[in-house]
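# Descriptive structure summary
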Amino acid sequence: LAKTTQPISMDSYEGQEVNITCSHNNIATNDYITWYQQFPSQGPRFIIQGYKTKVTNEVASLFIPADRKSSTLSLPRVSLSDTAVYYCLVGFNTNAGKSTFGDGTTLTVKP
Amino acid sequence: GAGVSQTPSNKVTEKGKYVELRCDPISGHTALYWYRQSLGQGPEFLIYFQGTGAADDSGLPNDRFFAVRPEGSVSTLKIQRTERGDSAVYLCASSSEGHSGGKSTEAFFGQGTRLTVV
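Residues numbered from 1 in each chain as written. Chains lettered and ligands numbered in written order. Predicted model: local features only at pLDDT ≥ 70, side-chain atom pairs only at ≥ 80, totals over all residues. Heavy atoms only, no water.

A word on the state of the cysteines. Per the counting criterion, the structure on display carries two disulfides over all chains. Two residues, A:Cys22 and A:Cys88, share a disulfide whose sulfurs are 2.2 Å apart. Every disulfide takes its handedness from the sign of the S-S torsion; for A:Cys22 and A:Cys88 that torsion is -80°, giving left-handed. Linking A:Cys22 in strand 2 (residues 18-23) with A:Cys88 in strand 8 (residues 84-90), this pair joins segments that are 66 residues apart in sequence. On the basis of relative accessible area, A:Cys88 is assigned to the buried category, the value being 0%. Disulfide pairing is shown between B:Cys23 and B:Cys92; the S-S distance is 1.9 Å. Between B:Cys23 and B:Cys92 the disulfide shows an S-S torsion of about -65°. By sign, it is left-handed. Of this pair, B:Cys23 sits in strand 3 (residues 19-24) while B:Cys92 is found in strand 9 (residues 88-95), placing the two residues 69 residues apart along the sequence. (Disulfide = S-S within 2.5 Å. Helix = DSSP H or I, 4+ residues; strand = E, 2+ residues; numbered from the N terminus. Buried < 20%, exposed > 50% of the residue type's maximum accessible area, 1.4 Å probe, protein only.)

Below you can see the structure in the form of structure tokens.
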């Protein structure tokens, strides 16, 4: 399984754009990159998934360079409610059957 | 139901006792996962079911842990002779089958069962 590395914590202010980068040097050809968000006392919640280049949905964008050895989750104009732990996963694949979450990035949004 | 349901939400048990944790996945989801999450850490994979069979149980820490999914829907995680170190939040997730070329599918997590062994 590809191991991921991401910052332990980040601080931001309301209205700013936040970019969280994840390194996954050993990503396999068939692996997708998935980001989850987790609030206290809740299970992780899917945010976005991509394979290469750029993916955008209503809550975030995911930038993946050509070598796929890293990815960046971009949260536009964060609010206080975006304070959470963000996990980068590689290989959440029904063939593999399991994923390594790591310890995530704790994002704190301040007023 | 609309989402993954886990019961109970909280469970306190004495050291040495047996516990069962239940997971009701989203209807129609064939893949089901159990994770364990300790305070301040990310979820740790335990076991993965595809249908009724355990496709990967390599994350189970020892033989005190066992999980079943007899009809391919509801799953039960069973822990025998509980130890204080088993205290954690146990998360269940499900996803639909349907992948090609290794495409991952989104997993939906329940709220978890907080197990406390005293």
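To continue, consider the sheet that holds strand 1 (residues 5-7) of chain B. All names here are of chain B. Taken together, four strands build an open sheet; the order of strands is 1-3-8-7 and the sheet is antiparallel. Edge positions in the sheet fall to strand 1 and strand 7 (65-68), since each of these pairs with one other strand and no more. Averaged over all pairs of adjacent strands, the angle between their axes in this sheet comes to 15°, without regard to strand direction. Of the pairings in the sheet, the one linking strand 3 to strand 8 (residues 75-79) comprises five bridges and is antiparallel in character. Looking across to strand 8, one finds that Glu 20 is bridged to Lys 78. (Pairing = 2+ DSSP bridges. Axes fitted to C-alpha atoms, helices over the stretch in contact; angles between N-to-C directions.)

Turning our eyes to something else, we now look at the packing of aromatic side chains. The full count for this structure, using the stated rule, is ten aromatic pairs over all chains. With a centroid separation of 5.3 Å and 85° between ring planes, the pair formed by A:Phe101 and B:Tyr35 is classed as edge-to-face. Here B:Tyr35 lies in strand 4 (residues 31-37) and A:Phe101 lies in the loop between strand 8 and strand 9 (105-110), a pairing that spans two chains. Judged by centre distance (5.9 Å) and plane angle (80°), the ring pair of B:Tyr35 and B:Phe45 falls under edge-to-face. Of the two residues, B:Tyr35 sits in strand 4 while B:Phe45 sits in strand 5 (residues 44-50), which places them ten residues apart along the sequence. Here the two residues B:Tyr35 and B:Phe45 agree in accessibility, since each one is buried. (Phe/Tyr/Trp six-rings, centres within 6.5 Å; stacked < 30°, edge-to-face > 60°.)

Coordinates in, geometry out; function isn't part of it.
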